Amino acid sequence: MGCGSSTDNTVSREQVHRIQEKSGGQISEKEIVQWHKIWKKITPNGKMTENQFAHFIVDNKIGTGKEIDARNMFKMMDKDKNGVMEFDEFVLILVLPKSAEEISTEQFATLCMTIYDENADGFIEKAELLKFALAKAKAEGRTSQEHRDRVTDIVNKLVAYIDLNSDGQISKEELIKAIDKDPSLKKVL
């Protein structure tokens, strides 16, 4: 997971820049340095497993403080599926805004791309968005076939609405245009 580990005691300028870029400029250098100090205390080897992450979230009551939500967050960020989280992902997942209204449309679109674009090809495919939406529904206890069908229908309609060129995938530019047209999409995504 990630692109570059953080095994020394300082965070590199390159890492700061990469995190700021992925967050749409939402995270300051000072915040990144502070999170790096915490990271080094809890992960001396620079890597965190799913179990370690889940315990950290539950023990510190971050977000919902629920283990299932922590595990879903971890899986969502583990794009290369190697079972470990590195510093970049750790910061991004913990510093995501509590409210989408706190950030600009472009910042929000950048975060969506970071979260949903699992294969990092620059597009959000319907399958990627559906996978996340179904995992979220499952974490919320909505597991019946009726719920899965409803989530699938919503994702299909959402992609059809945002996908302006009808190629079956959402680009960052399409996402920005759709949110500018309908800001309530920030609440849905």
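Right, let's walk through the structure included here. Just so you know, these numbers come straight off a predicted model, no measurement behind them.

Things to note about the overall build of the protein chain
Regarding its fold elements, the protein chain presents 10 helices and four strands. Tracing the protein chain from N to C terminus, the helices and strands come up as α-α-β-α-α-β-α-α-β-α-α-β-α-α. Counting across all 189 residues of the protein chain, residues that qualify as buried make up 41%. Residue pairs at least 24 apart in sequence account for 63% of intrachain contacts in the protein chain once pairs closer than 6 positions are excluded. Carbon and sulfur atoms provide 53% of the accessible area of the protein chain, an area that totals close to 10,300 Å².

Some points on the packing of helix α2 (residues 29–42) against helix α5 (residues 87–94)
At a closest axis distance of 10 Å, the pairing of α2 and α5 adopts a crossing angle of 120 degrees. On the basis of the axis angle, α2 is oblique to α5. At the point where α2 passes α5, the crossing takes the right-handed sense. Touching Ile-32, Trp-35, His-36, Trp-39 and Ile-42 of α2 are Phe-87, Phe-90, Val-91 and Leu-94, all from α5.

Looking at the nonpolar core
By size, the foremost hydrophobic cluster in this structure holds 45 residues, and its most contacted members are Phe-53, Phe-90, Leu-175 and Leu-189. Counting residues per element, this core draws most heavily on helix α6 (residues 105–116), which supplies seven residues. Dropping the residues within four chain positions of it, Leu-189 is found in contact with Phe-108, Cys-112, Tyr-116, Leu-129, Leu-158, Ile-162 and Leu-175.

Quick look at helix α3 (residues 50–59)
Every buried residue of α3 is accounted for by Glu-50, Phe-53, Ala-54, Phe-56 and Ile-57. One side of α3 carries all its buried residues, which in axial view fall inside an arc of 160 degrees. Buried residues in α3 make contact with α2, β1 (48–49), α4 (67–77), β2 (84–85) and α5. Phi turns positive one or two residues past the end of α3, at Lys-61, with a value near 50 degrees.

Considering the pattern of salt bridges
As enumerated under the stated definition, the model contains nine salt bridges in all. Across the pair Arg-18 and Asp-88 runs a salt bridge, and its minimum N-O distance is 2.6 Å. On the criterion of sequence distance, the pair formed by Arg-18 in helix α1 (residues 13–22) and Asp-88 in helix α5 is long-range, its members being 70 residues apart. For the pair Arg-18 and Asp-88, one class covers both residues: buried. Here Lys-157 and Asp-153 are joined by a salt bridge, their closest N and O atoms 3.1 Å apart. Of this pair, Lys-157 and Asp-153 both sit in helix α8 (residues 145–162), four residues apart, which is roughly one turn of that helix. Overall, the relative accessible area of 35% leaves Asp-153 in the partly exposed class. Here the salt bridges do not stand alone but share partners, grouping Glu-14, Arg-18 and Asp-88 into one network.

Thresholds, definitions, all that
- Residues numbered from 1 in each chain as written.
- Predicted model: local features only at pLDDT ≥ 70, side-chain atom pairs only at ≥ 80, totals over all residues.
- Heavy atoms only, no water.
- Helix = DSSP H or I, 4+ residues; strand = E, 2+ residues; numbered from the N terminus.
- Buried < 20%, exposed > 50% of the residue type's maximum accessible area, 1.4 Å probe, protein only.
- Contact = heavy atoms within 4.5 Å.
- Areas by Shrake-Rupley, 256 points an atom, 1.4 Å probe, with all protein chains shown as cover.
- Axes fitted to C-alpha atoms, helices over the stretch in contact; angles between N-to-C directions.
- Parallel < 35°, antiparallel > 145°, perpendicular 65-115°, else oblique.
- Left-handed = near helix turned anticlockwise from the far one by under 90°.
- Core = buried A, V, L, I, M, F, W, Y, C linked by side-chain atoms within 4.5 Å.
- Arc of directions from axis to C-beta.
- Salt bridge = Lys/Arg side-chain N within 4 Å of Asp/Glu carboxyl O.

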